[in-house]
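Each chain, written out:
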Amino acid sequence: MQNNTSNFRPLETSRRLKDLMCAYYRELDEASSNRSARIAWCTSQGPVELLRAMGFLVYFPENHGALLGATRMATELIPYATAVGYSPDICSYLTSDIGAFLTGRTPLTGAYNIPGPPRPDVLVYNNNQCRDVQEWFEFYSRQYEVPILGIRTPRGVGEVSSGIIEAVADQMEKMAEDLAPICGQHLEIENLKDTIRLSKQCTELWKQVLEAAVNRPSPLTFFDACIYIGPAVMLRGTERAITYYLELIDELQDRMRTKTGAIPEERYRLYWERMPIWGKLRFFAETMARMKACVVASTYGHSWVFEALDPEQPFGSMARAYTELFTVRDERSKASFLLKMFEAFGVDGVIYHNSKTCPNCANSQYGMPERLSKKTGIPYLIIDGDLNDLRLFSQEQTLTNLEAFVEMLGQERLE
Ligand code: SF4
């Protein structure tokens, strides 16, 4: 089917998203200034439902890290963290965020006219994604002299057994007790169920957004999804996220009805494995569009789909949702997830981002790309780079590699 390029335009809901994020950060800033609410800092795949149910406003340092990357402030700030002992080889969200704290610089001022991140009353992490989040929060616990609470999740999990779920759920219940004196109230289980209900709705809608890319042409790209993901990370468990995704879905459906693709001409469909390169989103979006290659799906986008959430089993379902994630799993589970994704989205090629400071999440170093390619016949390209540290990324080299890869896809099609 021919793509209707005359209807190509940016999504209207992008503007709505900016307002939504602005309101979210200003609310945190106000609460931080006048102490009108308790503030918890939380990891992006942490137990946010529990925190909201207990009345906390929730701030996510990883989003601040992504903003530092997207605004390209990160590369300049990382050396300040290195100077106080944090290796440049560890998570560049962590090092750029600590660099921002040490220098008092933040993209929040330019974007939302606020002085910086809100002051925390408590720091809450789940080490399901990596060790770095814990070390990152320990830094702030020392700086602000506030308590730090953590969920310890086993990693490299194959089958997510009932034993693992019980162990994680027990920690979450204990966390609710530890949070009570900090927020001055005990957990009301009905509040938790209501928040999980909202989170579940958010997750279902976010999944619907991502799955719109199954259509040909796809109405969105991975690079769009990196922006639209904001509410699924930061506002899950609130009505605001649901309202936003309903509007976004409406707009995507409109594109699907009119066969309007996210790029002017979709000739190839690609998959992106792992982290974005935040400071180069535009470069990739424009380069891929010029090559008529649409990156239709990613592991990153689906990492905020928490299907197991169930308000009727609050602790057990939160434990399952935050443990059965891709990042937490073993190689076989990851391979099986990727194979399903390649098939569902009908991809012609796979790009693996070998993100240097997030080795936990990179899946290109132990032969997986070659194994999956042999099994499916789908070619792949490994790009060396990093989520935030642009010193680890060569645009020139990447462009050469991308051009050769897409040319090869074209030749394969002719054969
Ligand atoms: S998962 Fe990777 S990017 Fe995210 S906090 Fe951990 S090391 Fe950093």
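For the structure itself, consult the block above.
Values in this document were obtained by computation on a predicted structure and should not be read as measured data.

What counts as what
- Counting of residues starts from 1 at the beginning of each chain's written sequence and follows it residue by residue.
- The predicted nature of this model means local features are confined to residues of pLDDT at least 70 and side-chain atom pairs, given and counted, to a pLDDT of 80 or more, with totals for whole chains, interfaces and linings taken over all residues.
- For the purposes of this entry, the term helix denotes a DSSP run of H or I that reaches at least four residues, the term strand denotes a run of E that reaches at least two, and both are numbered from the N terminus.
- Whether a residue is buried, exposed or partly exposed follows from its count of other C-beta atoms within 10 Å of its own C-beta, namely 20 or more, 12 or fewer, or something in between, respectively; the C-beta atoms are built from the backbone.
- Two residues qualify as a contact pair if the distance between their C-beta atoms, derived from the backbone, is within 7 Å.
- We call a residue near a molecule or strand if the C-beta atom, set from the backbone, is within 6 Å of it.
- The classification used treats Ala, Val, Leu, Ile, Met, Phe, Trp, Tyr, Cys and Pro as nonpolar, Asp, Glu, Lys and Arg as charged, and all other residues, Gly among them, as polar.
- Any two strands between which DSSP finds at least two bridges are classified as paired.
- Axis angles are defined between N-to-C directions and span 0 to 180 degrees, where every axis is a line fitted to C-alpha atoms and, for a helix, only to the segment in contact.
- Note on definitions: a nonpolar core is a set of buried residues drawn from Ala, Val, Leu, Ile, Met, Phe, Trp, Tyr and Cys, linked by C-beta atoms within 7 Å.
- A clockwise turn of the near helix away from the far one marks a right-handed crossing, whereas an anticlockwise turn of less than a right angle marks a left-handed crossing.
- Expected span, for any helix, means 1.5 Å times one less than how many residues it has.
- Here the arc refers to the set of directions running from the helix axis out to each C-beta atom.
- Any angle between 65 and 115 degrees counts as roughly perpendicular, while under 35 counts as roughly parallel, over 145 as roughly antiparallel, and the rest as oblique.

Undergrad: Kindly report on the overall build of the chain, identifying the contributing residues and their values.
TA: The secondary structure content of the chain amounts to 18 helices and eight strands. Looking at the chain as a whole, 48% of its 415 residues qualify as buried. The long-range share in the chain, meaning contacts at least 24 apart out of those at least 6 apart in sequence, stands at 77%.

Undergrad: Which residues make up the site of the ligand, and what values go with them?
TA: The full set of residues close to the ligand is E62, C91, Y93, Q129, C130, D132, V133, M275, C358, N360, C361 and L387. Each residue belonging to the shell around the ligand can be placed in one class, and the counts come to eight nonpolar, two polar and two charged.

Undergrad: Please set out the sheet that holds strand β6 (residues 293-298) residue by residue, giving values where relevant.
TA: Read across the sheet, four strands follow the order β6-β5-β7-β8 without closing on themselves; strand pairing throughout is parallel. At either end of the open sheet lies a strand with only one pairing partner, and these are β6 and β8 (380-385). The mean inter-strand angle of the sheet, taken between neighbouring strand axes irrespective of direction, is 30 degrees. Examined bridge by bridge, strand β5 (residues 268-273) and β6 share five bridges and lie parallel to one another. Opposite L270, over in β6, you have V295 as the bridge partner. On the sheet, helix α18 (residues 395-414) packs against β5, β6, β7 (349-355) and β8 and is oriented at approximately 170 degrees with respect to β8.

Undergrad: Lay out the nonpolar core in plain terms, naming residues and giving numbers.
TA: The biggest cluster of nonpolar side chains holds 125 residues, and the ones touching the most others in it are A40, L51, M172, V209, Y245 and L270. With eight residues, helix α9 (residues 189-211) is the largest single contributor of residues to this core. The contact partners of A40, leaving out residues within four places of it in the chain, are L51, F56, V58, P120, D121, V122 and V124.

Undergrad: Outline the sheet that holds strand β3 (residues 122-126), supporting the account with residue identities and numerical values.
TA: Judged by pairing direction, the sheet is parallel, and its four strands sit side by side in the order β2-β1-β3-β4 without closing on themselves. Two strands in the sheet have a free side with no partner beyond their single neighbour: β2 (57-59) and β4 (148-151). Pairs of neighbouring strands in the sheet enclose a mean axial angle of 25 degrees, with direction left out of account. Here β3 pairs with β4 via four bridges, running parallel. Bridge pairing links Y125 to G150 in β4. With respect to the sheet, helix α7 (residues 132-144) is in contact with β1 (39-42), β3 and β4, its orientation differing from that of β3 by roughly 170 degrees. Along the sheet, helix α8 (residues 162-183) makes contact with β3 and β4, crossing β4 at roughly 165 degrees.

Undergrad: Give a description of the packing of α8 against helix α15 (residues 314-321) that names residues and reports values.
TA: Two elements in contact, α8 and α15, have axes separated by 8 Å at closest approach and are oriented at 115 degrees. Considering how the two elements wind past one another, α8 and α15 form a crossing that is right-handed. In contact with I165, V168, A169, M172 and E173 of α8, α15 contributes F315, G316, M318, A319 and R320.

Undergrad: Before we move on, could you go through helix α16 (residues 331-345) and cite the residues and values that matter?
TA: Counted at 1.5 Å a residue, the expected span for α16 with its 15 residues is 21 Å, and the 21 Å between its end C-alpha atoms agrees. Within the sequence span of α16, burial applies to L338, F342 and F345. Each buried residue of α16 sits inside an arc of 85 degrees when the element is viewed along its axis, so together they form one side. In α16, the exposed positions that point more than 90 degrees away from the buried face belong to R332, S336, K340 and E343.

Undergrad: Can you lay out the packing of α9 against α15 for me, pointing to particular residues and giving the numbers?
TA: For the pair α9 and α15, the least separation of the axes is 10 Å and the interaxial angle reads 40 degrees. On the basis of the axis angle, α9 is oblique to α15. Like other packed secondary-structure pairs, α9 and α15 cross with a definite hand, here left-handed. Counting all contacts with α9, which are made through I189, L192, K193 and I196, the residues of α15 involved are P314, S317 and M318. Residue composition of the contact of α9 with α15, grouped by class: five nonpolar, one polar and one charged.

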